[in-house]
Amino acid sequence: MSSGSIASSRHPDRREALRLGLGLAGGAALGLPAKPVLAQEKPFPQVAIEAVLAEGQPFNPARVAEVASAIARKAYVAPPTTLPDTLANLSFEDYSAIRLRETARVWAGEGRSFSIEPLHRGFIYTNAVTIYVVEDGTIRRVAYDPSRFVFGAAQQLPADVGSLDFSGFKVFFGSGREPKREVAVFQGATFFRAIASGQNYGITARTLALQPADSRGEEFPLFRAFWIERPAPGSDSLAVHALLDAPSAAGAVRFTLRPGDMTITDVEVALFPRTNLDHVGIGAMNATYVFGPNDGAADDVRVAAYEVKGLQILNGQGEWIWRPLSNPETLQISAFIDENPRGFGLLQRDRDFSAFQDDLRRFELRPSLWLEPFGEWGKGSVQLIEVPTDSDRNDNVIAYWRPAEPYKAGEEASISYRLFWCWTPPERPPLATVANTRAGRGGSGNRRRFAIDFVGERLADPAAIVEIKPSLSATPGQILDLRLWSYPERRTLRVTFELDPGNEMASELRLLLEAAGKAASETWLYRWTP
């Protein structure tokens, strides 16, 4: 799929669209008639794309937002999902065996740092996604050709299968003579993942979340089309434009991907609500947490099983917060009220194999994901959703920013932020941090015993440790037997205590180390439930 093989059937250019009446209703910004002259069999989003952003036309990033605005003024039309039974009924293993031949990647053999692997539809990936590339300012459609794929168990495709389009794409990167490695994948709804050098895939980002864990039901936006700009030879960044759509909103997105020891993704979203959106998830991220030291003994040969260990927040007041994750018995939703947050993310703090003893999943190699907003985001909350699970294949943890004010129908909302897929976030607390949270049965009744390990350079100095005092509260509940245990040789200070919740079914715990009236650690927050 080099540039010479990127082609498709001819689409009308803008002048021809005007003549044929392929107008975008409500799309006056595109200069097209309000109503089509001829009846169209194609769904409106496809008509809109083909009018100004299809094969052979000049690419203008502003057009993606204009098309998104135009289709948001129309009723939502779901993309095609029909597939031959051979593909629709695939198991995960058989679908994973379908791959594009390496020589068929987009820009393969052109001496560029990046190449693109379009992903086949099948299994749960049934939505058709159109992929375009932008070369020398001109749009070229990546044509579907089954001969470029190795199918494995799904090799018996109908002879007249036609154009299936794709389900997404992978990004490969390698500078100079080094072999290209996979660094990102965009596939499914508006999900995407990336990794830093030496990592395995783990946490997933979501471009837009609508009503997650809401009693009204969650809505899953999806990508309809991508426009990927061909990078100059030697470039270390890749620009990807996307059109997203959902029953409640449409939008235009620009991703700028820069792989490396820390892979950075800038995300810029122009959102056009069809209806008032009162539960929007910005910068949403999904990950897996099955069990850890704070969940008690598990019937498992592994020591622990989690992609990320906790939620880190740097709030608008400059306070560093650490919230350990758990696998609760019932759905848990936590909201951390804030104004103009400075960052948040789901982090994997355990980087030693011994923390998990998992030969297959290798959780210690999964990325942390840290988000930094561009500009001021105003009032809202970082929301954390923890869903019960018994499988390490389920993403049961979701974190995102929820604006306090709804996005109103007919008004554009602009959001931008930077994501760091990393071993350690670029900005870290200049304080003692939480290394471990352990919980277990207390001395009597329904009391629970906790052990919280803080680590930091300051904790290696016995004289400095003398000044440190714990500030601990439980709401509701009573704190008993609070103690400090110093281990300077390990730069560790352990705080132990018991919680007596009484007859309550939940308690919010807050712990901070202080010295001379100032914070000496990040703030540990924890929700206890039976």
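This is a predicted model, so every value here is computed, not measured.

Caption draft 1: Just helix α2 (residues 44-52), in detail. Where burial is concerned, most of α2 is hidden: 8 out of the 9 residues are buried. Considered for burial, the residues of α2 that qualify are Phe-44, Pro-45, Val-47, Ala-48, Ile-49, Glu-50, Ala-51 and Val-52.

Caption draft 2: Focus on the packing of aromatic side chains. Taken as a whole and assessed by the stated rule, the structure comprises 29 aromatic pairs. A centroid spacing of 5.4 Å and a plane angle of 15° characterise the contact between Phe-186 and Phe-192, whose relative ring orientation is stacked. Under the relative-accessibility criterion, Phe-192 is labelled buried at 2%. On the numbers, 6.1 Å between centres and 80° between planes, the contact of Phe-223 with Phe-255 is edge-to-face. Taken together, the residues Phe-223 in strand β11 (residues 222-229) and Phe-255 in strand β13 (residues 249-258) connect sequence positions 32 residues apart. The residues Phe-223 and Phe-255 share a single accessibility class, namely buried. Ring pairing ties together the aromatic residues Phe-169, Phe-186, Phe-192, Phe-223, Phe-226, Phe-255 and Trp-421, which thus form one cluster. Across the ring face of Phe-44, the terminal group of Lys-74 is positioned such that the distance to the ring centre comes to 5.1 Å.

Caption draft 3: Representation of the side chain of Ser-167 in the model. Here Ser-167 shows up in the loop between β5 (149-150) and β6 (168-173). Among the polar contacts made by the side chain of Ser-167, one reaches the side chain of Tyr-95 at a distance of 3.5 Å. The residues contacting Ser-167, other than those within four sequence positions of it, are Tyr-95, Leu-119, His-120, Arg-121, Tyr-125, Asn-127, Val-129, Phe-186, Gln-187 and Gly-188.

Caption draft 4: Structural view of the pattern of salt bridges. Applying the stated rule across the entire model yields 39 salt bridges. When the shortest N-O distance is used, the salt bridge between Glu-268 and Arg-254 registers 3.8 Å. Pair noted here: Glu-268 is in strand β14 (residues 263-273) and Arg-254 is in strand β13, with a separation of 14 residues, a long-range link. Since its relative accessible area comes to 37%, Glu-268 is described here as partly exposed. Overall, Arg-254 belongs to the partly exposed group, its relative accessible area being 28%.

Caption draft 5: Here's a closer look at the sheet that holds strand β29 (residues 478-487). Spatially, 4 strands are ordered β26-β27-β30-β29 in an open sheet, and the strand pairing comes out antiparallel. The sheet is open, and its two borders are formed by β26 (433-441) and β29, each paired with just one other strand. Taking the axes of each pair of neighbouring strands and ignoring which way they run, one obtains an average angle of 15° across the sheet. Relative to strand β30 (residues 492-500), strand β27 (residues 448-455) runs antiparallel, the two sharing 8 bridges. Within β30, the position partnered with Arg-448 by the bridge is Leu-499.

Caption draft 6: Just helix α3 (residues 61-72), in detail. Taking 1.5 Å per residue as the helical rise, α3 with its 12 residues ought to reach 16 Å, and the 18 Å between its terminal C-alpha atoms agrees with that figure. Residues of α3 that are buried: Arg-63, Val-64, Val-67, Ala-68, Ser-69, Ala-70, Ile-71 and Ala-72. The distance from a side-chain oxygen at the start of α3 to the backbone nitrogen of Ala-62 is 3.0 Å, and the residue carrying that oxygen is Asn-60.

Caption draft 7: Region of interest: the side chain of Asn-327. With respect to the element layout, Asn-327 can be found in the loop between β19 (320-324) and β20 (332-339). In terms of polar contacts, Asn-327 uses its side chain to reach the backbone carbonyl oxygen of Val-290, at 2.9 Å. Setting aside chain neighbours within four positions, we find Asn-327 in contact with Tyr-289, Val-290, Asp-295, Val-387, Pro-388, Thr-389 and Asn-396.

Caption draft 8: Examining unusual backbone geometry more closely. In the segment running from Thr-475 into Pro-476, the intervening peptide bond is cis, with an omega of -10°. Looking at the secondary structure, you find Pro-476 in the loop between β28 (468-475) and β29. In the Ramachandran plot, Asp-136 falls in the positive-phi region, its phi being about 55° despite a non-glycine side chain. Position of Asp-136 among the secondary structure elements: in the loop between β3 (130-135) and β4 (138-141). The residue Arg-362 is not glycine, and still its phi comes out positive at about 50°.

Caption draft 9: Up close: the nonpolar core. Ranked by internal contacts, the top residues of the largest apolar core, which has 89 residues, are Val-171, Ile-228 and Leu-346. Discounting residues that sit within four places of it in the chain, Val-171 has contacts with Phe-114, Ser-115, Ile-116, Arg-181, Glu-182, Val-183, Ala-184, Phe-186, Leu-238 and Leu-257. Counting 31 residues, the second-largest nonpolar core is a separate cluster that includes Ile-264, Phe-420, Leu-459 and Ala-520.

Caption draft 10: A look at a nonpolar patch on the surface. On the surface, Leu-331, Ile-333 and Val-387 cluster together into a nonpolar patch covering about 220 Å² of accessible area. Mapped onto the elements, Val-387 comes out in the loop between β23 (379-386) and β24 (397-403).

Caption draft 11: Structural detail: the environment of Pro-476. Note on Pro-476: relative accessible area 32%, which makes it partly exposed. It is 28 Å that separates the C-alpha atoms of Pro-476 and Leu-347, two residues lying 129 residues apart in sequence. Apart from the residues lying within four places of it in its own chain, the contact partners of Pro-476 are Glu-504, Ala-506 and Ser-507.

Caption draft 12: The arrangement of the environment of Ala-75 in detail. The residue Ala-75 is located in the loop between α3 and α4 (85-88) in this model. The spatial distance from the C-alpha of Ala-75 to the C-alpha of Ser-248 is 9.2 Å, given a sequence separation of 173 residues.

Caption draft 13: Quick look at the pairing of strand β8 (residues 191-194). Residues Phe-192 and Ala-194 point to one face of β8 and are all buried, whereas Phe-191 and Arg-193, pointing to the other face, are not buried. Alignment of strand β7 (residues 181-187) against β8, held across 3 bridges, turns out to be antiparallel. Bridged to Val-185 within β8 is Arg-193. Count of turn residues in the β7/β8 antiparallel hairpin: 3 residues, of which Gly-188 carries a positive phi of about 85°. Across 2 bridges, β8 lies against strand β9 (residues 204-206) in antiparallel orientation. Each residue of the ladder has a partner; that of Phe-191, found in β9, is Arg-206.

What counts and what doesn't
- Residues numbered from 1 in each chain as written.
- Predicted model: local features only at pLDDT ≥ 70, side-chain atom pairs only at ≥ 80, totals over all residues.
- Heavy atoms only, no water.
- Buried < 20%, exposed > 50% of the residue type's maximum accessible area, 1.4 Å probe, protein only.
- Helix = DSSP H or I, 4+ residues; strand = E, 2+ residues; numbered from the N terminus.
- Phe/Tyr/Trp six-rings, centres within 6.5 Å; stacked < 30°, edge-to-face > 60°.
- Lys NZ or Arg CZ within 6 Å of the ring centre and 35° of its normal.
- Polar contact = N/O pair within 3.5 Å; in protein donor to acceptor, adjacent residues only side chain to side chain.
- Contact = heavy atoms within 4.5 Å.
- Salt bridge = Lys/Arg side-chain N within 4 Å of Asp/Glu carboxyl O.
- Pairing = 2+ DSSP bridges.
- Axes fitted to C-alpha atoms, helices over the stretch in contact; angles between N-to-C directions.
- Expected span 1.5 Å × (residues − 1).
- Core = buried A, V, L, I, M, F, W, Y, C linked by side-chain atoms within 4.5 Å.
- Patch = residues over 30% accessible without salt bridge, like charges linked within 9 Å, V, L, I, M, F, W, Y side chains within 5 Å.
- Areas by Shrake-Rupley, 256 points an atom, 1.4 Å probe, with all protein chains shown as cover.

Read these as layout, nothing more, since geometry by itself doesn't imply function.
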